[in-house]
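# A look at the structure
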Amino acid sequence: MVDATSGRQVATAPRGRSATLSSSRRFRLDAGKEWILFILFMLPNLVLFGLFTFWPMIENVRLSTQRWDMISPVRLNVGLDNYRNLAENQTFHRVLGNTFYFTVAAVGVSLLLGLVVALLLNQPLKFRDGARAVVFAPTLLSGAAIGIVWSYIFDPRYGLMAQVLGWVSLSSPDWLNRPEWAMPAIIIVYVWKNLGFAAVIFLAGLQAIPRDLYDAARVDGANVWWRFRSVTIPMLSPITFFLLITSILNTFQAFDIIRVMTQGGPVDSTNTLIYYVYEQGFVALNAGRSAAASLVLFALMMIITLVQLRFTERRVHYG
Amino acid sequence: MGKLSIQDQRRLNRAAGYLAMAVIVLLIGLPVWWMISASLKTSREIYTFPPDWIPRNPRWSNFEDAWQSAPFGRFYLNSIITTVVGSALEVTNATLGAYALAYLRFPFKNVVFAILLAALMIPAQVTILPNYVFFGSTVYDLIGESWVNTYQAIILPGASVAFGTFLMRQSFLGLPREVLDAAKVDGAGHLRTLWDIVLPMARPVIVTFGLISVVAKWNDYLWPLVITQTESMRTLTVGISSFYDLEGNTDWGVVMAATVFVIAPLLIIFMFVQRFIIEGLTAGATKG
């Protein structure tokens, strides 16, 4: 990206400087036309962003200082009460804990399994492209529809999970109605749906590792495990970092599975930040608290994005 | 125990590899198979345990029953309209924006760049509430009618695009400079260059982004859920979830048939274009 831009600038700069008077006037005329065209090309996008992305964020800040039930014409200004409420609210603490639990488990497991699958598919096996497609397919399926399918799978009496657990003579818990089992169930669905993305990206990273690194390690007498530790892991670290960040941001936005399977329950055990934002706004009709919670969510995502920018910048400069 | 020859060892490794691959494919594929097989089961078969893996007498009428218990035809229509129009707008915005960023002079290009980057960092999920209020009260104050529960309200917030603009700009900059210069010498204006030269050459990335966009719109759930109010405006994803809220787990066969309605179109498209999607995505990720 950087190379392409600077390369182009180097190529065009001398031409402009050595221009004669008449062509420099033409240049200005062309430039004027180009500015107009630039604005025309960019305007729809920027206007839409202004209306539906930036303005709402300002509105969010305003709403978060108000008490409003989404219906009445009166909005009360309550200052920082909504934030104070969140800070003291047991449910919200629970929500933060759930979000943390869900994110760590879902991201950790899908990256780990994704790496295992990628290592396997990196072997010279027949049909591996087909296997890659199967592993990736769930990523593209509607979370709402998939959530319904998995609700059936988790049915404690007639579901697939009960059947599979039966093979090893375990009885199935009532997954979606038990506070301690609902979140693991959601995590299983999320991992099933998203590990293919991690696998496919890891696989691309593995295939980009130069073969001679492995050959050199082999000459040095490194065994399989040692080659994995000294070549594969360090060479994969940039892509692992990329996956880590995108996966964390994705889990923060995971809504459809939770809405369909548990609606945040039982007793708030699967109520995560994004679900809480929805529930406060559109079920409890507490607009102020929803807006405040959405800003907390935004702040968390912002921090993670800034960490990413920080580190990738360093990689571009020094790596 | 005799020592294995290197060849035997290799054969063993390969066998283990195939076995592991088969296990993974089965584990990932099983839920989809479960859905399809249940969609063809009678409720008697659903409620027998242990279940049959293959329904004995496929009951196709589950699909008819599902189709009649909610307006799925209407849901399809709504999903197709919002996906096609939304993706078309997104791809157009991304293409025009990428061309402008890549080839047009503009004094405040850095500012525009920063604005797009900032937009990239604000996820749609945190703007649902103010956007809902916008279509409800602000639009009402302006034109005297609310836009809640309309197509334009479903489509517009998702019509702008930052990711795709950056993705395409990247690929436009990689196009051979000589061809573009030659076009300029021939007196081709920017519109002509964009249409006749850049678009055909950048077709792979445009198609890839278009597919990603279509998948995202088709599966979108949170925004259509809050902005639609009547059954006649619901998209498939919202329709299926409210169908499930009502129907519950009374007849899994019919419910599974209904989920097939939502999942089948994407699964079929994916079978034909999977290489395109996977390779496009990985290229974007590994180069980034």
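Numbers given to residues run from 1 along each chain, matching the order in which its sequence is written. For this description, chains carry letters from A and ligands carry numbers from 1, given in the order in which they are written. This being a predicted model, a pLDDT of at least 70 is required before a residue's local features are given, and a value of 80 or more before pairs of side-chain atoms are given or counted; all residues contribute to the totals for chains, interfaces and linings.

## Thoughts on the overall build of chain A
Secondary structure follows DSSP: runs of H or I at least 4 residues long count as helices, runs of E at least 2 residues long count as strands, and numbering of each begins at the N terminus. Scanning chain A for helices and strands turns up 13 helices and two strands. Each residue is classified by how many other C-beta atoms fall within 10 Å of its C-beta atom, where C-beta atoms are placed from the backbone; a count of 20 or more means buried, 12 or fewer means exposed, and values in between mean partly exposed. For chain A, the residues scored as buried account for 39% of the 319 residues in total. The contact criterion used is a C-beta to C-beta distance within 7 Å, with each C-beta placed from the backbone. Counted over contacts in chain A with a minimum sequence separation of 6, partners at least 24 positions apart contribute 66%.

## Considerations on the overall build of chain B
Helices and strands together make up the secondary structure of chain B, namely 14 helices and zero strands. In chain B, the succession of α and β elements from N to C terminus is α-α-α-α-α-α-α-α-α-α-α-α-α-α. Radius of gyration: over C-alpha atoms. The globule rule applied is 2.2 Å multiplied by the number of residues raised to the 0.38 power. For 288 residues, the compact-globule formula gives about 19 Å, and the C-alpha radius of gyration of chain B, at 25 Å, lies well above that figure. The principal-axis extent of the C-alpha atoms belonging to chain B is close to 75 × 70 × 30 Å. A separation of at least 24 residues holds for 76% of the contacts in chain B among residues at least 6 apart in sequence.

## Description of the interface of chain B and chain A
For interface size, the figure often reported is the accessible area lost on association. Counting residues at the interface gives 74 residues for chain B and 78 residues for chain A. In terms of residue count, the dominant contributor to the side of chain B that touches chain A is helix H14 (residues 252–287) of chain B (15 residues). Looking at side-chain class alone, the side of chain B that touches chain A contains 52 nonpolar, 21 polar and one charged residues. Only Asp, Glu, Lys and Arg are considered charged in this grouping, and only Ala, Val, Leu, Ile, Met, Phe, Trp, Tyr, Cys and Pro are considered nonpolar; every other residue, Gly among them, is considered polar.

## Things to note about the packing of helix H8 (residues 179–207) of chain A against helix H10 (residues 224–252) of chain A
Residues and elements named next belong to chain A. Remark: H8 packs on H10, axes separated minimally by 9 Å, with the N-to-C direction vectors making an angle of 160°. On the basis of their axis angle, the class for H8 and H10 is roughly antiparallel. Helix-helix and strand crossings are classified by hand; for H8 and H10 the assignment is right-handed. Residue-level contacts link Ala 198, Ile 201, Phe 202 and Gly 205 of H8 to Leu 236, Ile 239, Leu 243 and Ser 247 of H10. For the contact of H8 with H10, the residue count by class is six nonpolar, two polar and no charged. To define axes, lines are fitted to C-alpha atoms, for helices over the stretch in contact only, and angles between the resulting N-to-C directions are given on a 0 to 180 degree scale. In this scheme, roughly parallel covers angles under 35 degrees and roughly antiparallel covers those over 145, while 65 to 115 is roughly perpendicular and the rest are oblique. A crossing counts as left-handed when the near helix is turned anticlockwise from the far one by less than a right angle, and as right-handed when that turn is clockwise.

## Describing the confidence of the model for chain A
On a scale of 0 to 100, pLDDT captures the predictor's confidence in every residue. Residues of chain A with pLDDT of at least 70 account for 89%, and the chain-wide mean is 86. Predicted confidence is poor over residues 1–21 of chain A, with pLDDT under 50, and the contacts of this stretch with residues over four places away or in other chains come to eight contacts.

## Quick word on the nonpolar core
For the purposes of this analysis, a nonpolar core is taken to be any set of buried Ala, Val, Leu, Ile, Met, Phe, Trp, Tyr and Cys residues that are connected through C-beta atoms within 7 Å. With 159 residues, the main nonpolar core has Ile 186, Ala 199 and Leu 297 of chain A together with Tyr 99 of chain B as its most contacted residues. A total of 16 residues in this core trace back to one element, the largest contributor, which is H8 of chain A.

## Points about the environment of Met 301 of chain A
Inspection of the secondary structure puts Met 301 of chain A in helix H13 (residues 287–318). Take Met 301 of chain A: there are 20 C-beta atoms within 10 Å of it, and that puts it in the buried class. Each C-alpha atom, one on Met 301 of chain A and one on Val 117 of chain A, is 28 Å from the other, the two residues being 184 residues apart in sequence. Other than its neighbours up to four places away in sequence, Met 301 of chain A contacts Leu 249 and Phe 252 of chain A together with Pro 123 of chain B.

## Thoughts on the confidence of the model for chain B
When pLDDT is averaged along chain B, the result is 88; 97% of the residues meet or exceed 70. Interface scoring of the predicted complex returns ipTM 0.89; its pTM is 0.88.

## Some thoughts on helix H1 (residues 6–38) of chain B
Each full turn of the α-helix corresponds to 3.6 residues, which orients residues three or four apart in the same direction. Residue and element names in this part refer to chain B. Here the expected length of a helix is defined as 1.5 Å per residue gap, with one fewer gap than residues. With 33 residues, H1 should cover 48 Å at 1.5 Å per step; its first-to-last C-alpha distance of 47 Å lies within 8% of that length. Of all the bends in H1, the greatest, near 40°, is centred on Gly 29, and the proline Pro 31 appears no more than four residues after it. Those residues of H1 not exposed but buried are Met 21, Ile 24, Ile 28, Pro 31, Trp 34, Met 35 and Ala 38. Fitting one axis to the seven residues ending at a residue and another to the seven starting there, the bend at that residue is the angle between the two axes.

## A short note on H10 of chain A
With 29 residues, H10 of chain A extends just 37 Å between its outermost C-alpha atoms, more than 12% less than the 42 Å of an ideal straight helix rising 1.5 Å per residue. Maximum bend of H10 of chain A: about 50°, positioned at Ser 237 of chain A, with proline Pro 238 of chain A one to four residues after it.

## As for unusual backbone geometry
All names here are of chain A. A cis geometry characterises the amide bond from Gly 265 onward to Pro 266, with omega recorded as -15°. Positive phi is not limited to glycine here, since Phe 127 has a value of about 65°. Positionally, Phe 127 belongs in the loop between helix H4 (90–121) and helix H5 (128–136). On the neighbour-count criterion, Phe 127 (12 C-beta atoms within 10 Å) is exposed.

## A short note on the environment of Leu 222 of chain B
Along the chain, the position of Leu 222 of chain B falls in helix H12 (residues 222–227). Taking the C-alpha atoms as reference, Leu 222 of chain B lies 7.7 Å from Gln 125 of chain B; in sequence the two are 97 residues apart. Not counting residues up to four positions away in its chain, the partners in contact with Leu 222 of chain B are Phe 255 and Tyr 278 of chain A together with Gln 125 and Ile 128 of chain B.

## Let's talk about the environment of Asn 60 of chain A
Along the chain, Asn 60 of chain A falls in helix H2 (residues 21–63). When the C-alpha atoms of Asn 60 of chain A and Asn 194 of chain A are compared, they prove to be 30 Å apart, with 134 residues separating the residues in sequence. Filtering out sequence-adjacent residues up to four positions away, Asn 60 of chain A remains in contact with Ala 291, Ser 294 and Leu 295 of chain A together with Val 126 and Pro 130 of chain B.

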